[in-house]
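Residue-level structure breakdown
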Amino acid sequence: MADKYIIKTRIQKVLLHVFLLLLVCIILFPVCWLVLNSLKTNQEMFLNSLALPKKWMFVNYATAWGKGLFFYFKNSVIVSAISIFFILLLSSMLAYGLTRFQLPGGTFVFFLILGGMALSEQVALVPLYKILQALKLYNTRLALILPYIAFRIPFTMFLMRAYFISIPKELEEAAIVDGCNSFQRFTRIILPISKPVLASCAIVNLNNVWNEFLFANVFLENKKLMTIPLGLMTFQGDLKSDYVVMLAGILIASLPMVLLFLCMSKQFVRGLTAGAVKG
Amino acid sequence: MKKKKNLAPYAYVIPGLLMVLGFVYIPIIVNLVYSFFRLSSYSASMKFVGLDNFRRLFTNETFPIMIRNNVYYCVISLICQVGFGTFLAFMLESNLIGDRFKTVCRNIYFIPALVSLTAVGMMFNFIYNPQMGLLNTMLKHFGFVSLQQTWLGDRNLAIFCIIAMSQWQFTGYITLLMVVAFQNVSRDYIEAAVIDGAGPVRRAWNIVLPLAKEQLLVCSIITVIGAFKLFTEVYSTTVGGPGNSSQVLGLFLYQNAFLHDDMGMAAATGVLIFIITVTASIFQLKVSHSGEV
């Protein structure tokens, strides 16, 4: 009886592991195939894309990096850094203002900003294009940064608000007694305590901004300003039939977010799940 | 306590509020206005045409194809990402699996969601490539030459190839969200069920799932919204082709606005996407508030 139960459990355990490993293969096998081919020559890839390379062409990665990928990276870093900084700044200020003061119309403002989460980028695309042209911002970095900030504020504000509400009032009351004004309380008490939620917001927003394509594709023309997702598409056009270098480029471009996730998966998961439940 | 009229609180709220109003709300309102006009991207002239843009949209020969493709994407994603993704989350939460193995699997399933849509699209252009792509090479290798396809080049298959790519990319995302939801279910309920003699399937179905119902609904709605915002996946692979066989609403909007210079029609398509996604979002907000104590 007991033996039977143990055997049954053991079989279940093995089957479950096999099933989960099979799925790991489905995810990783195409990626491995791409990595393998990125290390071949074009002829080799066309001859047999499953074979191992005769000579490992690590030079493909250097070529891809040299053919403009470096500039796309630089642009992505600049655009993301500025966007994330202002997303966090404006959202935390909003959350602070809405949780710490009884503003007339505060609830309305809260729901107005929250409603922004329901609005999709496609719907704003045509008017934004016209507005950015009228503001003479079309084809500048600001043409990406401003919409990125605006579209990410609702989600970020909501996440921060929930956190700020949970911060005990006593901390601030002590600071008021010590004569701190609201700005000092914000920068010296609230923000330092909120580091975990700031990290979660930063990383989830980074994933969004770093990979954003729709706006980048429409609001930029200048190759020198293109971010990675857009740059990759241009890369495809530039390289024509140099497939292996293109593959190397795709893989280089995908690496940063994956590495960041592996280092910060805790913050990532917290930010994503909080946002999804509430958003 | 505070008697003095203080303007400082407004200073915290106004910058963020202005950004959201200026770059989210105003464009969306303007889009609604544009949908009643004929306008071009090169000039400022606008001509009022009433509902003509909507008439042209609904009677366009690709309209049924787009709706069909968006609905296919939506339904298959619900079954695969939400349905199978949730099932997978249950499997990962089984106590037959070690914590270490569980975390590694969960993270690997999630990794594709971190890669940009264009990069994934370009990767799958290689995988689906008829000459040297992974799929056809594998089929040849195992002797199924007759099963080889042109994949993205096939009218009937193209949209399903794109849908399959998205399932590969995003199922792990839903799984991750559901795993966390399951972990938040109080151990007490599960232990009580164990004492009552409920097996793992009964426990999952009758205890854990109802308690994580809210998250499940949220995941479904995210998926529905995503399905009707679909753009980059198609743009980076088939660009709507062959013919218009894999055309979707998001790409149609883009092409009308920036290729055919028919911004009025694009705006009308935007209004349609707006109605669908906002309806789903309102539903989502209702759901996520209902569970709050």
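Residues numbered from 1 in each chain as written. Chains lettered and ligands numbered in written order. Predicted model: local features only at pLDDT ≥ 70, side-chain atom pairs only at ≥ 80, totals over all residues. Heavy atoms only, no water.

1. A closer look at the overall build of chain B
- Along chain B, the regular secondary structure elements total 13 helices and two strands.
- In summary, chain B has a C-alpha radius of gyration of 24 Å against a globular reference of 19 Å for 293 residues, an excess of more than 25%.
- Here the C-alpha coordinates of chain B stretch approximately 85 × 75 × 30 Å along the principal axes.
- Evaluated residue by residue, chain B yields a buried proportion of 55% over its 293 residues.
- Here the analysis covers contacts within chain B between residues at least 6 apart in sequence; of these, 66% occur between residues at least 24 apart.
- Summed over all atoms, the accessible surface of chain B reaches about 13500 Å², with 66% contributed by carbon and sulfur.
- Here chain B contributes 20 positive and 13 negative side-chain charges, whose respective centroids are spaced 7 Å apart. (Helix = DSSP H or I, 4+ residues; strand = E, 2+ residues; numbered from the N terminus. Rg over C-alpha atoms; globule rule 2.2 N^0.38 Å. Buried < 20%, exposed > 50% of the residue type's maximum accessible area, 1.4 Å probe, protein only. Contact = heavy atoms within 4.5 Å. Areas by Shrake-Rupley, 256 points an atom, 1.4 Å probe, with all protein chains shown as cover. Lys, Arg positive; Asp, Glu negative; His and termini not counted. Charge placed at Lys NZ, Arg CZ, Asp CG, Glu CD.)

2. Some thoughts on the overall build of chain A
- A count of helical and extended segments in chain A gives 13 helices and zero strands.
- The C-alpha atoms of chain A give a radius of gyration of 24 Å, which is well past the 19 Å a tight globule of 279 residues would have.
- Expressed as a percentage of the 279 residues in chain A, the buried residues total 54%.
- Just so you have it, chain A exposes about 12700 Å², and 69% of that area is on carbon and sulfur atoms.
- The distance from the centre of the 25 positive side-chain charges to the centre of the 11 negative ones in chain A is 4 Å.

3. Overview of the pattern of salt bridges
Residues and elements named next belong to chain B.
- Tallied over the entire structure, the rule returns eight salt bridges over all chains.
- The closest approach of N and O atoms between Arg56 and Asp52, which form a salt bridge, is 3.7 Å. With Arg56 and Asp52 both in helix H2 (residues 52-59), this residue pair falls four residues apart, about one helical turn.
- Where salt bridges share partners, they join Arg38, Asp52, Arg55, Arg56 and Asp262 into one cluster. (Salt bridge = Lys/Arg side-chain N within 4 Å of Asp/Glu carboxyl O.)

4. Some remarks on the packing of helix H11 (residues 228-239) of chain A against helix H12 (residues 243-263) of chain A
Residues and elements named next belong to chain A.
- Between H11 and H12, the least distance of the axes is 10 Å, while the angle of their chain directions is 175°. Classed by the angle they form, the pair H11 and H12 counts as roughly antiparallel. For the pair formed by H11 and H12, the contact residues are Ile228, Leu232, Phe235, Gln236 and Leu239 on the first element and Val245, Met246, Gly249, Ile250 and Ala253 on the second. (Axes fitted to C-alpha atoms, helices over the stretch in contact; angles between N-to-C directions. Parallel < 35°, antiparallel > 145°, perpendicular 65-115°, else oblique.)

5. So, the interface of chain A and chain B
- Chain A puts 93 residues into the contact, and the matching count from chain B is 94 residues.
- Each partner contributes to the roughly 8400 Å² buried at the junction of chain A and chain B, and carbon and sulfur atoms together form 79% of this total.
- Scanning the region where chain A abuts chain B turns up one salt bridge.
- A salt bridge links A:Glu121 to B:Lys229, with the shortest nitrogen-to-oxygen separation between them at 3.5 Å.
- At the junction of chain A and chain B, the tally comes to twelve residue pairs in polar contact (both at pLDDT 80 or more). (Buried area = accessible area lost by both parts, 1.4 Å probe. Polar contact = N/O pair within 3.5 Å; in protein donor to acceptor, adjacent residues only side chain to side chain.)

6. Some details on the confidence of the model for chain B
- Averaged over every residue, the pLDDT of chain B is 87; residues scoring 70 or more account for 96%.
- Prediction confidence for the complex, expressed as pTM and ipTM, is 0.89 and 0.86 respectively. (pLDDT = per-residue confidence, 0-100.)

7. Looking at the packing of aromatic side chains
- For the coordinates displayed, the defined rule picks out 38 aromatic pairs over all chains.
- Ring geometry for A:Phe73 against A:Trp210: centres 5.9 Å apart, planes inclined by 70°, an arrangement best described as edge-to-face. Residue A:Phe73 is found in helix H3 (residues 59-100), and its partner A:Trp210 is found in helix H9 (residues 195-211); the two are separated by 137 residues along the sequence. Neither A:Phe73 nor A:Trp210 differs from the other in exposure class; each is buried.
- Pairing B:Phe54 with B:Phe58 gives two aromatic rings, centres 6.5 Å apart and planes at 35°, and the pair type is tilted. Of this pair, B:Phe54 and B:Phe58 both sit in helix H2, four residues apart, which is roughly one turn of the helix.
- Here a set of aromatic residues connected by ring pairs shows up, and it is made of A:Tyr129, A:Tyr138, A:Phe213, B:Phe231, B:Tyr235, B:Tyr254 and B:Phe258.
- Of note, A:Arg161 hangs over the ring of A:Phe110, and the distance from its end group to the ring centre comes to 4.0 Å. (Phe/Tyr/Trp six-rings, centres within 6.5 Å; stacked < 30°, edge-to-face > 60°. Lys NZ or Arg CZ within 6 Å of the ring centre and 35° of its normal.)

8. A look at unusual backbone geometry
All names here are of chain B.
- Between Gly241 and the following residue, Pro242, the backbone shows a cis peptide bond with an omega angle of -10°.
- Here Trp151, not a glycine, exhibits a phi torsion of approximately 50°, which is positive.
- Relative to the helices and strands, Trp151 is located in the loop between helix H6 (134-141) and helix H7 (158-183).
- Non-glycine residue Asp261 carries a positive phi angle of around 50°.
- Secondary-structure assignment places Asp261 in the loop between helix H12 (249-258) and helix H13 (263-290).
- Of the residues examined, Asp261 reaches a relative accessible area of 25% and is grouped as partly exposed.

9. Some details on the packing of H3(A) against H11(A)
All names here are of chain A.
- Running from amino to carboxyl end, H3 crosses H11 at an angle of 160°, the nearest separation of the two axes being 9 Å. With respect to each other, H3 and H11 are oriented roughly antiparallel. Judged by the sense of rotation from one axis to the other, the crossing of H3 with H11 is right-handed. Residues Ala64, Lys67, Leu69, Tyr72, Phe73 and Ser76 of H3 form the contact with H11, whose own contacting residues are Ile228, Pro229, Gly231, Leu232, Thr234, Phe235 and Leu239.
- Residue composition of the contact of H3 with H11, by class: nine nonpolar, three polar and one charged. (Left-handed = near helix turned anticlockwise from the far one by under 90°. Nonpolar A, V, L, I, M, F, W, Y, C, P; charged D, E, K, R; others polar.)

10. Considerations on H12(A)
- Its 21 residues give H12(A) an end-to-end C-alpha distance of 31 Å, which sits within 8% of 30 Å, the value for a rise of 1.5 Å per residue.
- The sharpest bend along H12(A) reaches about 35° and sits at A:Leu255, with the proline A:Pro256 one to four residues further on. (Expected span 1.5 Å × (residues − 1). Bend = angle between axes of the 7 residues up to and from the residue.)

11. Re the nonpolar core
- Core analysis: the biggest nonpolar cluster contains 182 residues, and A:Phe219, B:Tyr109, B:Phe110 and B:Phe126 have the highest contact counts within it.
- If near-sequence neighbours (up to four positions away) are discounted, B:Tyr109 is found in contact with A:Leu20, A:Leu23, A:Val24, A:Ile27, B:Leu88, B:Leu92 and B:Gly172. (Core = buried A, V, L, I, M, F, W, Y, C linked by side-chain atoms within 4.5 Å.)

12. Considerations on the side chain of A:Glu172
Residues and elements named next belong to chain A.
- Turning to its location among the elements, Glu172 is positioned in helix H7 (residues 169-177).
- For Glu172, a relative accessible area of 6% translates into the label buried.
- Setting aside chain neighbours within four positions, we find Glu172 in contact with Tyr96, Arg100, Arg185, Ile189 and Ile190.

13. Some points on a nonpolar patch on the surface
- Residues A:Ile82, A:Phe85, A:Phe86 and A:Leu89 make up a contiguous nonpolar surface patch of roughly 330 Å² in combined accessible area.
- Mapped onto the secondary structure, A:Phe85 falls in helix H3. (Patch = residues over 30% accessible without salt bridge, like charges linked within 9 Å, V, L, I, M, F, W, Y side chains within 5 Å.)

14. Quick notes on the environment of B:Val239
Residue and element names in this part refer to chain B.
- With respect to the helices and strands, the residue Val239 is situated in the loop between helix H11 (232-235) and H12.
- In this structure, the C-alpha to C-alpha distance between Val239 and Val287, residues 48 residues apart in sequence, is 35 Å.
- The contacts of Val239, once residues within four sequence positions are left out, are Val234, Leu251 and Gln255.

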